[in-house]
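Chain by chain, the residues run as shown.
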Amino acid sequence: MNKSLAAVAAVGIAGLLTGIVTATQAAADPSGTPAYRQLSGVGSDTTQDVMNGLANAITINGTKVIGSYDATGSAQITTKDPATTPGCTIARPNGSGAGRTALLNSLQANNGCLDFARSSSLNLGAASPGLTYVPFAVDAVSYAVTPTSTVPRKLTLNDLKAIYHCNPDYVGTAPNFGITVYLPQAGSGTRSFWESQMGITEADVVAGVYPCIKDAKNGAPVQEHDGRVLDDKSIVPFSIAQYNAQSSQTIADLRGRALLGTVDGIAPTVLNNGFGVKRDVYNVIPTSKLGTAPWSTVFVGSGSLVCQQQGVINTYGFATNPNCGDTTKQTP
């Protein structure tokens, strides 16, 4: 182990609290009736499962209204009834950025195929038509390693920044780095968020400024929150909410041998609103629809149907967001 990592290698199993309410795993795409919903959404891997849970819990006049399509699965999805809204078979968007793009494409085409996007990162860059990022829960992000990893289970945020800046004291030297430093696939909200926390930019990552960083393994993109990518000499960011929901079998368990690390002495525990690396997660809706049902009924304001479902939100590992339903975060 290199000298800098050795200095912080006081390893102890970070205590993950148990007791998440067990829930039936939600289907990957809308199931049951109606087959096609008023509000069709795509995007973030991080929030796909909690939105599936909310889609099953929320009804208007006894009818489910949210149709949330997973980030991965079949190559294509059909989001609206072909008999009434033809042309809504699209490539499945994978990640927050892809979901936002797909929503904008649908709004610009005025085809009615998509009504919202899931996002685990905030992007208030110009969008036409305008978008509003409506927060509904709080997540935190730590790093994951294997139980026998050369990377310690306790690091500071500065240690993590050094690793993601490919500091040779931490990762070794090219071409045979001692650590493989992973980011999730391009377009991932977790990737964008983690880059911002590490003080690196997407442009520099793509340009190869940080040669120790990889976003693929064996030719396949690194899917966020899938710990099976890890070996004993690698590290990857991982949503704490996703980790705990997988651990409780609320959703499919893709952790493999992954264990979460402690950052700045704070353990990655269930609903840990005090974890240093935390973020709001959002549903992105057209700003023009803020006052229009069912967008307004389902997403907008602290009394919205989504915000009334704190039990479901907590079941999927997310903390309550005091700003649930806020509509102040809008693109120009």
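Residues numbered from 1 in each chain as written. Predicted model: local features only at pLDDT ≥ 70, side-chain atom pairs only at ≥ 80, totals over all residues. Heavy atoms only, no water.

Peer 1: Tell me what's going on with the state of the cysteines, and back it up with residues and numbers.
Peer 2: Disulfide: a covalent bond formed between the sulfur atoms of two cysteine residues. Evaluated as defined, the whole model comprises three disulfides. Shown here is the disulfide that connects C88 with C113, its sulfur atoms set 2.0 Å apart. Where C88 bonds to C113 through sulfur, the torsion about that S-S bond is close to -85 degrees, and the disulfide is left-handed. Here C88, found in the loop between β5 (76–78) and β6 (89–91), pairs with C113, found in the loop between α3 (96–109) and β7 (116–119); they are 25 residues apart in sequence, far enough to count as distant. No difference in accessibility class separates C88 from C113, as the two residues are buried. A sulfur-sulfur distance of 2.0 Å marks the disulfide that ties C166 to C212. (Disulfide = S-S within 2.5 Å. Helix = DSSP H or I, 4+ residues; strand = E, 2+ residues; numbered from the N terminus. Buried < 20%, exposed > 50% of the residue type's maximum accessible area, 1.4 Å probe, protein only.)

Peer 1: I'd like to hear about the packing of helix α4 (residues 157–164) against helix α6 (residues 189–198), residue by residue, with values.
Peer 2: In contact at an axis separation of 9 Å, α4 and α6 are set at 110 degrees when each is read in the N-to-C sense. The angle between the axes of α4 and α6 places the two elements in the roughly perpendicular class. Touching L157, L160, K161 and Y164 of α4 are W194, Q197 and M198, all from α6. (Axes fitted to C-alpha atoms, helices over the stretch in contact; angles between N-to-C directions. Parallel < 35°, antiparallel > 145°, perpendicular 65-115°, else oblique. Contact = heavy atoms within 4.5 Å.)

Peer 1: So what about the environment of P129? Which residues, and what values?
Peer 2: Structurally, P129 is set in the loop between β7 and β8 (131–145). A residue is classified by how much of its surface remains accessible, and P129, at 32% relative accessible area, is partly exposed. Along the backbone, P129 and G199 are 70 residues apart, and their C-alpha atoms lie at a distance of 30 Å. With sequence-adjacent residues up to four places away left out, P129 is seen in contact with L104, L107 and Q108.

Peer 1: Please set out the nonpolar core residue by residue, giving values where relevant.
Peer 2: Core analysis: the largest hydrophobic core is formed by 39 residues, its most contacted members being Y164, V181, I213 and I235. Listing elements by their share of this core, those giving two or more residues are β8, α4, α5 (168–171), β10 (180–182), α6, β14 (234–239) and α8 (240–247). Per element, the largest residue contribution to this core is five residues, and it comes from β8. When residues no more than four places from it in sequence are discounted, the contact partners of I235 are Y143, A144, V145, V151, L160, I163, Y164, I179, T180, V181, Y182 and L230. With 29 residues, the next largest nonpolar core counts V65, F136, W295 and Y316 among its residues. (Core = buried A, V, L, I, M, F, W, Y, C linked by side-chain atoms within 4.5 Å.)

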